[in-house]
Structure formats: C-alpha cells, structure tokens
Amino acid sequence: MYIHKLVIFGFGQHENVTINLKQGINVFYGLNEAGKTTIQQFILHILFGFPQKNAQQLRYEPKAGGKYGGQVHVIDDEFGNCIIERVKGKAIGDVTVYFEDGTRGYEEALAKIIHGYNREGFEAIFSFSVHQLQQLEHMSEDELSKVLLASGTTGIDQLTKLEKDLDKKIGELFKKSGKNPTINKQIEELRESDQTLKEERKKLEEYEPTILRLQQITAELDNIKSTESMQLQEQQKLHIFRQLYPLLQKKEQVEQELRSILQRGFPTNGVQRYELYKDKKLEVQAVLNQVQQEKEVIQKQLQADFNDERYQLLKNLNDQDSEWREWNSKVKSLENDIEILQQEKIAQYRLLGITDGEQQHALEQTEVSLEQEEYFRQLVKQLEENEEQYRFGQRTVDQLQQELAIVEQKLDNLFEQQPSDYEIERAANWSAKIQKVAEAKATLNQDVKGFKNTKSVKLLSVAIAIIAILIGTSLSNWLVIAIGIIVAAALWFILDNGSNDNDSVNTEALQREIREFQSQQSDMEQLLKKIRQFEDRITLLQEQYDDKKVQMREAQQAVSKFNMYIEQSEEQLQLFLKRFQISGSLQPELLTELFRQVRELQQKSTSIVMKEHQLERLYALINERMKDASSACEIICTRENLSATVQSVFFKMTEQQQLVVTAKEKLQQLDNIIDEKTNLHKSYTTEILNLFEEADVETAEEFYKANEQFQLYKDNSLALKQVEEQLSMFDESAVKVQLNDIESQSLLEHISATLLSLQEKKDKLLSEHAELQAKTIGLLSDEKYGIQIQKFEEQKAALAERAREWAINQAIATAIQETMRNLKEKRLPSVLQGAERYFKQLTGGRYETLEINSESVFEAVAEDGMRYTIAELSQATKEQAYIALRFALADSLQQSAPFPIIMDDPFVHFDRLRIGNMVQLVDSIQTKHQILYFTCHENMIDQWAKSFVIHVSNLKGERRLTSI
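This one's a predicted model, so the numbers in the text were calculated from it and none came from an experiment.

## Some words on the pairing of strand S10 (residues 858-862)
And step 1. Taking burial as the measure, the five residues of S10 include five buried ones, the bulk of the element.
And step 2. Where burial is concerned, the two faces of S10 agree: the one with Phe858, Ala860 and Ala862 and the one with Glu859 and Val861 are both buried.
And step 3. Pairing geometry for strand S9 (residues 847-852) and S10, over five bridges, is antiparallel. In the strand pairing of S10, glutamate 851 is matched with glutamate 859.
And step 4. As paired strands, S10 and strand S11 (residues 867-869) are joined by three bridges and run antiparallel to one another. Within S11, the residue paired with glutamate 859 across the bridge is threonine 869.
And step 5. Counted between consecutive antiparallel strands, the loop separating S10 from S11 contains four residues, among which glycine 865 sits at a positive phi close to 90°.

## Some words on a negative patch on the surface
And step 1. Taken together, Glu693, Glu694, Asp696, Glu698 and Glu702 make up a surface patch of like negative charges.
And step 2. You can see glutamate 694 is positioned in helix H17 (residues 642-695).

## Focus on the packing of aromatic side chains
Pairs of aromatic rings are described using the distance from one ring centre to the other and the angle between the two planes.
And step 1. Enumeration according to the criterion identifies 23 aromatic pairs in this entry.
And step 2. With a centroid separation of 5.3 Å and an interplanar angle of 15°, the aromatic rings of phenylalanine 11 and tyrosine 60 are classed as stacked. Of this pair, phenylalanine 11 sits in strand S1 (residues 2-11) while tyrosine 60 sits in the loop between helix H1 (36-48) and strand S4 (69-76), placing them 49 residues apart in sequence. Grouping residues by exposure puts phenylalanine 11 and tyrosine 60 together as buried.
And step 3. These aromatic residues form a ring-pair network of at least three members: Phe11, Phe42, Phe50, Tyr60 and Tyr68.

## Things to note about unusual backbone geometry
And step 1. If you check the backbone angles, tyrosine 60 has positive phi at about 55° while not being a glycine.
And step 2. A positive phi angle is found at histidine 115, which is not glycine, with a value near 55°.

## Remarks on the sheet that holds S4
And step 1. The antiparallel open sheet is built from six strands, whose spatial order is S2-S1-S4-S5-S6-S7. On the outer flanks of this sheet lie strand S2 (14-20) and strand S7 (104-105), each paired with one strand and no other.
And step 2. The pairing of S1 with S2 spans six bridges and is antiparallel. Residue pairing across strands places phenylalanine 11 opposite histidine 14, the latter belonging to S2.

## Topic: the pairing of S2
And step 1. Of all the seven residues making up S2, five are buried; the element is thus mostly covered by neighbouring parts of the structure.
And step 2. Following S1, the chain reverses through two residues before pairing antiparallel with S2; glycine 12 in that reversal takes a positive phi of roughly 60°.

## Remarks on the environment of glutamate 234
And step 1. Mapped onto the elements of the fold, glutamate 234 is located in helix H8 (residues 208-260).
And step 2. For glutamate 234 and isoleucine 751, which are 517 residues apart along the polypeptide, the C-alpha to C-alpha distance reads 8.1 Å.

## Focus on the side chain of arginine 119
And step 1. Secondary-structure assignment places arginine 119 in helix H3 (residues 119-126).
And step 2. The residues touching arginine 119, leaving out its near neighbours within four places in the chain, are Gln41, Leu44, His45, Phe48 and Gln57.

## Digging into H3
And step 1. Burial in H3 covers these residues: Arg119, Phe122, Ile125 and Phe126. Axial view of H3: buried residues confined to an arc of 145°, hence all on one face.
And step 2. In this fold, the buried residues of H3 make contact with H1, strand S8 (127-129), helix H24 (875-892) and strand S12 (901-904).

Reading the values: rules and limits
Positions within a chain are numbered from 1, following the residues in the order the chain's sequence is written. Per-residue local features are limited, in this predicted model, to residues with pLDDT of at least 70; the limit for side-chain atom pairs, both in listing and counting, is 80 or more; totals at the level of whole chains, interfaces and linings are taken over all residues. Here the side-chain values reflect all heavy atoms present in the structure, with hydrogen atoms and water set aside. Here's how the labels work: a residue is buried when its accessible area is under 20% of the maximum for its type, exposed when over 50%, partly exposed in between, all with a 1.4 Å probe on protein chains only. Secondary structure elements follow DSSP: runs of H or I of four or more residues count as helices, runs of E of two or more count as strands, with numbering from the N terminus. In this analysis, strands are considered paired if DSSP registers two or more bridges between them. Only residues above 30% relative accessible area that lack a salt bridge enter a patch, with like-charged residues linked at up to 9 Å and the nonpolar side chains Val, Leu, Ile, Met, Phe, Trp and Tyr linked at up to 5 Å. Surface accessibility follows the Shrake-Rupley procedure with a 1.4 Å probe radius. Residue values consider only the protein chains on display as shielding. When a carboxyl oxygen of Asp or Glu is within 4 Å of a side-chain nitrogen of Lys or Arg, the pair counts as a salt bridge. Charge assignment: positive for Lys and Arg, negative for Asp and Glu; neither His nor the chain ends contribute. Note on charges: their place is set at NZ of Lys, CZ of Arg, CG of Asp or CD of Glu. We call Phe, Tyr and Trp rings a pair once their centres come within 6.5 Å, taking the six-membered ring for Trp, and we label the pair stacked below 30 degrees between planes, edge-to-face above 60, and tilted otherwise. Contact definition: two residues touch when any of their heavy atoms are within 4.5 Å. Relevant arc is that of directions from the helix axis to the C-beta atoms, nothing else.

See the structure below:
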C-alpha cells in the first residue's frame with residue numbers, strides 16, 4: 001500500500017492544499033515552522049482519527065477557521081485505489097472511504113484497509129523521529145535491551161510494563177542487601193527476637209541436657225505429627241465414600257419435603273403482629289362506643305335558637321377587615337401603576353418612531369422569543385457565510401484565470417516553435433520510404449537466396465548428365481546418354497538466362513535506394529523526435545488547459561450559486577425586519593437593543609392588561625363584599641361605612657354566641673376523637689388484611705396454619721443449607737480415589753495399625769517429655785520467656801505471609817518472562833535475521849551480527865568476533881541498531897501490514913559515512929515500503945537525487961496545485 005495524494009481541506013496552517021506523492025522515497029523539505037510536522041500529523045489524523053479535545057495531542061484545527069479535515073488517497077493491492085476522507089464531526093471525526101467501483105465505506109471499511117492497526121501500533125513500528133533516537137542515550141543497559149526487544153517484536157511492550165510493576169512490588173517486599181523492604185525489616189526483627197531468646201536460654205545452662213532432650217522429643221513428636229497428619233489425610237480421603245452417601249441421602253429427603261411445602265412466604269413476626277393489631281382494634285372499638293354516647297348527650301343540649309350561619313358570615317367579614325382595607329389600597333395603587341405604564345409606552349413608541357396605532361398593535365403581537373432572536377442571528381450569520389464563500393469563490397476564479405493565461409501563453413510560445421510544413425511533410429513521407437526500403441531489403445535477400453538455388457540446380461544438371469553417361473556406358477545404350485545430356489543442357493540454359501535478366505534490372509537500383517535511406521536516417525530520426533516532443537507537449541498543455549477550463553466553470557457556477565444565496569438571505573432578512581415595522585437594513589449590533597425594546601413594550605402592555613384585570617377583579621370583590629355585608633348586617637353598607645357597621649353587629653352577636661361556644665368546642669373535640677379512633681380502627685383492619693394478603697390466606701385459622709407451614713419450610717431450608725455446607729467441605733480429589741471397597745477397607749486397616757503404632761510411640765515420648773518438663777517447671781513459669789517465644793512465633797507467621805506474597809509476585813514475573821521468551825523465540829529470530837543484515841550494512845561491515853545473550857541483553861558481534869553489549873556502543877551505533885530492528889520488523893509485517901514508513905529527521909546527527917550507509921539502506925527498502933522523509937536540512941535532499949521532493953514552504957502560496 002502506498003499514498004499517492006494528500007488533499008488538505010483545512011489542517012493547522014495548511015488550507016486547500018493538494019500534494020501528489022510517488023512510490024519510493026518522498027522527501028518533505030522545509031525550514032522550521034514551515035509545516036512539515038503538520039503534514040505528518042495530518043496523515044496520522046486522517047488514518048486514525050482526530051484526538052479528543054482534552055487529549056494531550058494537538059488537534060491542528062484550521063487557523064483560518066475553514067473546513068477541518070482532508071483526504072488521503074492510497075493504492076492498495078487488495079482494495080485498489082481508495083480515498084480516505086475525514087472531516088469534523090463526532091469526537092474522532094466523520095470518516096468516509098471512497099472505493100474505485102463507486103461504493104462507500106466508513107469506520108469498518110477503514111479498519112480493514114489499515115488492517116486493524118491503531119495509531120499507537122502504527123507509530124511503534126512504521127514511524128519514528130530523531131527525538132526517539134536521542135532518548136537512547138539516557139537509558140541503562142537493561143532499558144536499552146528492552147527498547148530494542150520491543151522494536152523487534154509486537155506486543156512485548158505491554159508485558160514489559162507489567163513486569164516493571166511486578167519488579168517494583170517485589171522490590172518493596174524484599175531485596176538481597178536492602179533494609180527498607182518489608183521482608184528485610186521482618187527478618188531483622190526476627191533476628192533480634194532470636195537473639196533475645198538465645199540470651200534467655202543462657203539462663204538455662206544448668207538445664208541444658210534436659211532442654212536438649214526436650215527439643216529432641218519435640219522434634220520427634222513433630223515428625224510423628226507430620227506422619228500422623230499424612231496418614232490421617234489418607235484415612236480421611238478413604239472415609240469420603242461413607243460420609244458422602246448419608247449426606248446426599250439426607251439432602252434428597254429434605255429437598256423432597258421442601259417441594260411438598262407450598263407456603264414459601266410469610267410476614268415477618270406475622271402471628272405477633274396479627275394478635276397485636278387484633279387487640280388494639282378491640283380496644284379502639286370500645287373507646288368509639290363511649291365517645292359516641294357522650295356526643296349524643298351534648299347534641300341534645302344545643303337547642304337554643306341561634307343563627308350560626310349569620311354569625312359565621314359576620315365573623316368572617318370582621319376577620320377579613322384587613323383584607324377589605326388592602327383591596328381599597330390596591331385599587332388606588334393599580335390605577336396609579338396603569339397610568340405610569342401608559343406614559344412609558346408612549347415614550348418607547350416615540351423612541352422607535354412608531355406612532356400609528358395599528359403599527360403599535362402589530363408590534364405588540366410580534367413574537368420576540370429567544371428562538372426568533374436566534375433565527376435572526378442565523379439569518380445574519382448565513383448571509384455573512386455566503387458572502388465569505390462568494391469572496392473565496394471569486395478569488396478562486398481570479399486565480400484560475402491567471403493560470404489559464406499562463407497555459408495559453410505556454411501554448412502560444414510552443415506554437416511559435418512548431419515544425420515547418422516542409423518538415424511535417426518530410427516526416428509523413430518518411431514512413432512510406434521506410435516501408436519501401438524494407439521491401440527493397442527483402443527483395444535483395446530473396447535474390448541472394450535465388451542465386452544460391454540456381455547454383456544448386458546447375459550442379460544438379462551436371463550430375464544428371466554424368467549419371468546418364470555412366471548408365472548409358474554400362475548398358476551400351478547411346479540413346480540414354482544423349483537424352484541425359486540434352487536434359488542437362490536445357491536446364492542449364494533456362495536457369496542461366498533468367499538469373500542474368502533479374503540481376504541486371506533490380507539489384508543496382510535497390511542498393512542505391514538503401515544507401516540514400518541510410519544517409520538520411522539520422523537526420524530524419526532527429527526530425528521525428530522533434531515532432532513527437534512537440535505533439536506530446538501540445539497534448540499535455542491542452543489537457544491542462546481543458547482541466548483549468550472545467551475548474552473555471554465549476555468555480556464560476558459556485559460563485560453564481562453563492563451570489564443567489566446572498567440575495568435569498570438578504571430577502572429573508574428584509575422580510576424578518578418588516579415584522580418589526582422596520583424598513584431598510586439594520587446593523588447586527590442593534591439586534592439585541594431592538595429585541596430588548598420590543599420585549600419591554602410587550603411586557604408593559606401585558607402588565608397593563610394584567611393590572612386592568614386585577615382592577616376588575618378587585619371591583620368585583622368589593623361589590624360582592626358590600627353585598628355580603630348588607631345581607632349579614634341587614635342594613636345597606638357602602639365602601640365608607642362597611643368596616644364600622646360589620647364590627648358593631650358582630651360584637652352584638654358575639655355575646656349570644658358565647659352561650660353555645662363551649663358546647664360546640666366540646667362537640668368538636670368529640671368529633672376529632674371519633675375521627676381519630678375511626679381512622680385507627682380502619683388502619684388496624686387494613687394491617688390485618690395486609691397480613692392475610694401477604695400470607696395468601698383469608699381467615700385467621702388459615703393464617704395460623706400458614707405460619708406452621710412456613711416454619712416447617714424454614715426448618716427444612718436450614719437443614720438443607722447445613723447439609724450443603726457439610727458437602728462443600730469435602731475435597732473432590734479425595735472422592736475420586738481409585739480403590740474398590742475391599743482395597744479401601746484393607747488400606748484403612750493398614751493406616752489404623754500405623755496410627756496405633758505412632759500413638760504408642762507418641763505416648764512414650766509425651767510421658768518422657770512430661771517428666772523432663774517437671775524438672776524445668778520453675779524456669780518455664782517465667783512469663784518473659786513465654787512472651788518472647790509468642791512474639792517470635794507471631795513474627796515468623798507475619799514473615800511467612802509476606803514471603804508467600806513475594807513468592808506469588810515472583811511466580812507471576814517468571815510467567816511473564818516465560819511469555820516474553822516465547823515471543824522472542826517465535827517472532828524475534830526472523831526479525832533478527834533481517835536486522836543483522838541491515839545492521840551490518842549500516843555499520844559498513846564493522847559488526848557482523850546483532851544477538852541476544854542468555855540474560856536477554858542485546859550484543860553486537862564485531863567482525864573480529866569481539867562482543868559488545870548495547871550499552872557499550874556509541875550513541876550513533878545504538879541508533880543504527882534501533883533503526884535496523886525497526887526496518888526488519890516492518891519487513892516481517894509486509895504481508896499483513898504493508899504500510900509506508902514515516903521518518904522525521906532520524907539520522908541528522910550521523911556522520912557522512914553513516915548517512916551514506918543509511919541512504920543506501922533506505923534506497924534498498926523503497927521497493928518494499930513507500931518512504932515519507934521529513935527534514936529541515938537541505939543536504940538531505942542531495943542524498944536522494946532521484947527522490948520526489950516536496951518543498952513545504954511553497955505550499956502556502958499554492959492552493960489545489962501539485963507540489964514539486
């Protein structure tokens with residue numbers, strides 16, 4: 001696969017740029033800040049996606065604000081000629097793949113073309129720069145070897161990172177000569193405890209023989225315990241056969257009982273809750289009966305003739321006196337507010353220059369929502385964008401006109417140098433002359449062949465005459481001799497006359513014509529070459545002229561289209577402003593002020609309407625209040641005397657009401673109690689029904705039976721759980737012992753005998769141990785020694801736990817090393833073969849091979865057999881090894897990932913000899929991979945005289961032109 005064209009819509013400092021590339025070596029030359037890195041990043045962004053906005057990588061969005069993205073044109077052996085286009089869209093951009101058969105694809109199609117590689121994988125193999133090579137100088141020998149190993153294999157860098165993390169954890173746990181790691185500290189503490197124990201034991205020197213014997217007995221007991229433990233484990237495995245069956249049988253029985261029980265659910269503490277609710281319900285019912293009787297007695301006492309409805313109306317009117325006064329105050333306030341708003345509206349209409357009533361009404365009905373304001377902004381923005389596109393298209397037309405003029409000038413200059421009519425006529429006749437000379441040569445060749453045939457026939461005629469003479473002599477027949485001589489003479493005469501005539505007529509003329517042709521051949525070939533070159537240049541310039549004409553038509557159509565869009569946008573903008581009673585144009589800066597003024601007018605109109613409605617409602621409330629007051633007081637009330645009249649009548653009725661108020665309060669209390677108790681009664685009934693519903697029963701008897709069933713279900717479930725817990729304790733390996741019943745019984749008897757023998761020996765040792773222990777009872781009662789022993793054992797246990805953690809991490813690290821070794825054995829050998837060849841070429845034969853020793857360290861073997869580790873090499877030689885491995889890995893992936901190789905000045909620090917070797921190597925691999933080389937050093941252009949050079953600094957002045 002190789003890239004044959006880059007089309008940049010807008011990326012960083014580049015905009016509307018087309019760059020044609022070729023197979024082989026393509027050199028991008030330019031000074032710093034010319035935009036080389038931008039083009040390199042453009043290729044990676046289009047192939048692998050734009051970075052997220054919060055990512056560390058730059059997005060290179062266009063500086064001029066144009067269209068973001070572009071196209072990469074590639075030619076692939078599998079997919080043919082493809083165009084990969086990525087523009088601004090979702091997070092990584094919207095990608096479209098155009099195939100040569102007219103079909104399109106998207107991200108899935110692109111993933112197939114780039115063979116599933118992501119940007120990190122691509123850059124790890126096919127892209128590197130001088131900065132990566134400079135980092136090699138600051139690496140240790142181990143780091144250098146790992147970097148070179150990762151350069152020669154794919155997938156090993158992730159394992160290397162994981163290995164580093166594990167090495168860090170292992171180092172934090174234990175180091176051979178460390179002091180701070182956890183295990184080192186615990187070992188030191190254990191040593192200190194052991195030293196303390198030894199000091200304590202020194203106090204027991206007088207009991208040393210006894211203590212030694214105790215230790216021997218302890219050791220023997222430990223051995224016996226160990227043997228006994230092993231025998232017991234074997235015995236336990238054999239007992240599994242007899243232990244499992246009863247448990248499984250019990251499990252099956254419990255499961256069968258569970259299946260027969262239908263009651264699988266029951267309320268928590270259901271019976272206790274039911275009985276509690278039932279008792280409380282009865283208690284509440286008794287209270288309700290008592291309060292109801294008391295209420296009936298009070299109601300009989302309330303027989304006095306008192307108009308409670310009129311009293312309540314007066315009381316409400318009196319309580320609402322502040323509200324009455326507030327209404328009157330609000331009426332005055334609203335009338336003042338309406339008058340002020342009307343004056344402000346008149347002033348704003350004068351500011352807007354609108355005096356007509358209908359225009360004012362229309363303006364108040366106009367929609368001034370944020371959506372409308374945004375719509376106006378969009379219209380203005382659309383107009384500006386169309387104008388910008390129109391200006392851009394006009395610039396394109398002007399540029400194309402200049403280019404057309406240049407091509408026309410070239411055509412005129414070329415026509416001035418065209419061959420003359422005489423030369424063209426000579427060239428046209430020369431083809432006929434070539435044909436004629438070819439025929440003459442063929443005729444001469446034929447004459448030569450004819451002469452040879454004539455000579456052969458003459459010899460044949462002589463032979464015939466001789467044969468006839470011999471036959472006639474032998475037969476003594478003169479007639480045969482005469483006939484043979486006559487035939488031979490006739491044949492000789494015929495052939496001799498025909499040959500002489502032809503030779504005399506044609507040979508001289510043909511040879512003269514051939515000599516004349518040969519004398520003119522060199523001049524005519526020069527003339528034909530001149531005519532062909534003229535025709536080729538005319539054809540090329542005519543094609544360029546036609547292409548520019550097509551581009552000119554397209555650009556003019558685009559200009560016309562955007563001019564039409566501008567007119568449409570201006571028309572839409574005028575229509576929009578007419579809705580606001582504004583004629584002519586409006587500056588975009590005044591848009592916000594216009595909408596603010598109109599919104600304020602509409603808000604004030606709305607406020608006036610609202611306040612008038614409030615005023616109407618207040619007038620209605622005031623009239624309704626005066627009507628109610630006149631009815632309650634039984635006299636006519638006005639706005640002026642309503643408060644005083646209501647208060648006077650209300651005080652009179654209050655005295656009457658005091659007589660019954662106490663009874664009514666009591667009655668109200670009783671009603672509250674009845675409501676409360678009734679609600680309680682209902683809630684208890686509801687709770688009982690909920691319990692029945694949860695238990696899926698309808699009566700109390702069924703509820704109690706359901707409780708019994710559920711308790712039985714819980715007991716069986718607990719029993720099943722216990723059985724399963726017991727079964728889970730058995731080891732599956734013990735169950736699978738390959739013995740029959742007799743063999744297991746025999747083995748059990750043998751184990752029992754062994755255990756009995758061990759027990760007897762242990763009893764004897766324990767007896768002896770007890771006797772010896774009695775002798776040292778005084779010493780062993782020392783608590784300090786016991787505490788020290790306990791501390792020592794605790795420290796041992798803690799050390800064992802840390803050691804186990806260290807061993808696990810060490811095992812994982814070993815597994816990673818084994819995986820890395822497998823990768824090196826499978827992938828690396830083939831890569832190393834190519835790398836050794838490249839490394840030898842780069843070093844001019846000074847180093848023969850590049851190998852990995854048993855410690856996974858890269859070594860370079862010199863031509864004299866001397867070995868050098870990678871850290872012992874010079875910086876430039878390290879870089880050569882790194883490049884050789886990169887190129888070899890790219891070669892090994894040529895079938896699965898035939899990508900171009902991108903290099904950003906990786907060997908500018910090489911000396912002249914190394915650069916020469918590097919150039920030769922790159923020349924040799926350009927047949928396998930396309931090379932994209934970015935440099936700011938002009939001397940690198942001279943290194944590849946036949947390469948395709950792109951002068952990046954010239955791209956800013958060229959738009960949609962091929963860079964050369």
